[in-house]
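Below are the chains, spelled out letter by letter.
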Amino acid sequence: MSGVVPTAPEQPTDETENQIKSPDPRPDAPPDYNSHFVPGPPGPAIPAPAGYPGGLPVGYYSPQRPYAFPSYQLPGGIHPIQYQPGKYHMPNQPVPITWMPGPVLMPNCPPGLEYLTQLDNIHVLQHFEPLEMMTSFETNNRYDIKNNLDQMVYIVTEDTDDFTRNAYRTLRPFVLRVTDCMGREIMTMHRPFRCTCCCLCCPSTRQELEVQCPPGVPIGFVAEHWNLCRAVYSLQNEKKENVMRVRGPCSTYGCGSDSVFEVKSLDGVSNIGSIIRKWNGLLSAMGDADHFEIHFPLDLDVKMKAMIFGACFLIDFMYFERSPSQHSSR
């Protein structure tokens, strides 16, 4: 028994081969270490995205599935930790837009105006354009039209060439295109050019806006009336017959307060609605990021609702659309 030399226990052939490492030709290579990692059971699989033959393990984040937030399994059977959707916004993911549910088609209603039949007030939110303040280059205006639930109703986009915008500034003729949730143009607003070099009481200098719904079919006009103290407009039907009047404040630039334009009957007795330009603090004073709130009766004729809606944009361009030179002078 004393002559027997103890030997190491035999190891499987495959483990012995794994421990035999080929020498590294580099003289300064670090020494080899045996890994003691013991793989555990595979995790449950989730449905694979299109193009993947198998499933992905839990916690695996796929670029093709940006909504799959990573989760981590804690020891001891504790529930996995997950990122709350919406709390941590994923990069390069557009912010979702909530649209107002589409109404049913109605007789004697221009296509696309069915939304207005369900509303008694809307919000007109102009996009803030930093390029105008930094470069003094006038860009096309853009507006979001929303209801009280912050649901998108329409999108309004100005369609004017660069020369006209920057040459005529606030007096420029323009075309505003109103689109719905499907991207269809349901309304068009035209403002022709009016020279203001002549006497202000001359009819040829008074501003006008034509509203078409659907595009190419006029449903009414917004006509300016000369007044020494305040803004006055007439809302007309397709035959240019006066239907309602809009009466503005004596001072349209209300620093620190809202500017209210009242919508009244022709005799001035009945108050039908209002167009309110909300004061937005620093944005109202320095940039073109106006916020209008329009009120009208729920049972008002939908075409007249569209005319009040159109009057809001003519008011914006005439009194609240300030050029970059005016921004710097304030």
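Please read all numbers here as calculations on a predicted model, not as lab measurements.

## Brief notes about the overall build of the chain
Of regular secondary structure, the chain possesses 7 helices and 16 strands. In the chain, which comprises 330 residues, the share counted as buried stands at 37%. By sequence separation, contacts in the chain at least 24 residues apart represent 42% of the contacts at least 6 residues apart. Approximately 19800 Å² of the chain is accessible, and the part contributed by carbon and sulfur atoms is 58%.

## Here we look at unusual backbone geometry
Cis peptide bonds are those with omega within 30 degrees of zero, and the linkage from C213 to P214 qualifies with -5°. Looking at where P214 falls in the secondary structure, it is placed in the loop between β10 (208-212) and β11 (218-225). Of note, N108 is a non-glycine position whose phi angle comes to about 60°, a positive value. Along the chain, the position of N108 falls in the loop between β4 (81-82) and α2 (114-117). Residue class for N108 comes out exposed when judged on its relative accessible area of 80%.

## Considering the packing of aromatic side chains
By the definition in use, this model includes 9 aromatic pairs. Arranged with centres 6.4 Å apart and planes meeting at 40°, the rings of Y154 and F309 form a pair that is tilted. Residue Y154 is located in strand β7 (residues 152-158), and its partner F309 is located in helix α6 (residues 302-320); the two are separated by 155 residues in the primary sequence. The pair formed by Y154 and F309 is uniform in burial state, with each residue classed as buried. Members of the aromatic cluster, connected to one another through ring pairs, are Y115, Y143, Y154, F309 and F313.

## Considering the nonpolar core
Core analysis: the largest hydrophobic core is formed by 49 residues, its most contacted members being L113, I145, M187, I275 and F309. Of the residues forming this core, the biggest block, 13 residues, is contributed by α6. When sequence neighbours within four positions are dropped, the list of residues in contact with F309 reads I122, V124, I145, V156, V178, M187, M189 and I294.

## Some points on the pattern of salt bridges
This model, assessed by the stated rule, comprises 14 salt bridges. When the shortest N-O distance is used, the salt bridge between E185 and R177 registers 3.0 Å. We classify R177 as partly exposed; its relative accessible area is 31%.

## Considerations on a nonpolar patch on the surface
A surface patch of nonpolar side chains, about 400 Å² in accessible area, is lined by F163, Y168, L171 and F193. Here L171 lies in the loop between α4 (162-168) and β8 (174-179). Overall, the relative accessible area of 32% leaves L171 in the partly exposed class.

## Side note on the pairing of strand β12 (residues 232-237)
In terms of burial, β12 is largely enclosed, as 6 of its 6 residues are buried. Here β12 shows a buried face lined by V232, S234 and Q236 and a second buried face lined by Y233, L235 and N237. Bridge count between β11 and β12: 6 bridges; the pairing is antiparallel. Directly across from V222, in β12, lies its bridge partner L235. Hairpin remark: β11 followed by β12, antiparallel, with 6 residues in the connecting loop. Here β12 pairs with strand β13 (residues 242-247) via 5 bridges, running antiparallel. Bridging from a neighbouring strand, Q236 pairs with N242 of β13. Linkage of β12 to β13, two consecutive antiparallel strands, is achieved through a turn of 4 residues, within which K240 is found at a positive phi near 60°.

## Here's the deal with the side chain of Q212
Looking at the secondary structure, you find Q212 in strand β10. Residue classification places Q212 among the buried residues on the basis of a relative accessible area of 11%. In terms of polar contacts, Q212 uses its side chain to reach the side chain of E210, at 3.3 Å. A distance of 2.7 Å separates a polar atom in the side chain of Q212 from the backbone nitrogen of G216.

## Re the side chain of N121
Within the secondary structure layout, N121 lies in strand β5 (residues 121-126). Given a relative accessible area of 6%, N121 falls into the buried group. A polar contact of 2.9 Å, which involves the side chain of N121, links it to the side chain of N148.

## A short note on the pairing of strand β6 (residues 142-146)
Among the 5 residues that make up β6, 4 are buried, leaving the element largely enclosed by the rest of the structure. The pairing of β5 with β6 spans 4 bridges and is antiparallel. Each bridged residue has a counterpart across the sheet, and for V124 the counterpart in β6 is I145. Connecting β6 to the next strand, β7, in antiparallel fashion are 5 residues, including D150 with a positive phi near 65°.

## Quick look at α6
The end-to-end C-alpha distance of α6 is 26 Å, a good match for the 27 Å that 19 residues give at a rise of 1.5 Å each. Across the 19 residues of α6, 16 count as buried, placing the element largely inside the fold.

What counts, and where the lines are drawn
- Residues numbered from 1 in each chain as written.
- Predicted model: local features only at pLDDT ≥ 70, side-chain atom pairs only at ≥ 80, totals over all residues.
- Heavy atoms only, no water.
- Helix = DSSP H or I, 4+ residues; strand = E, 2+ residues; numbered from the N terminus.
- Buried < 20%, exposed > 50% of the residue type's maximum accessible area, 1.4 Å probe, protein only.
- Contact = heavy atoms within 4.5 Å.
- Areas by Shrake-Rupley, 256 points an atom, 1.4 Å probe, with all protein chains shown as cover.
- Phe/Tyr/Trp six-rings, centres within 6.5 Å; stacked < 30°, edge-to-face > 60°.
- Core = buried A, V, L, I, M, F, W, Y, C linked by side-chain atoms within 4.5 Å.
- Salt bridge = Lys/Arg side-chain N within 4 Å of Asp/Glu carboxyl O.
- Patch = residues over 30% accessible without salt bridge, like charges linked within 9 Å, V, L, I, M, F, W, Y side chains within 5 Å.
- Pairing = 2+ DSSP bridges.
- Polar contact = N/O pair within 3.5 Å; in protein donor to acceptor, adjacent residues only side chain to side chain.
- Expected span 1.5 Å × (residues − 1).

Functional significance is not addressed by these values, which are geometric in nature.
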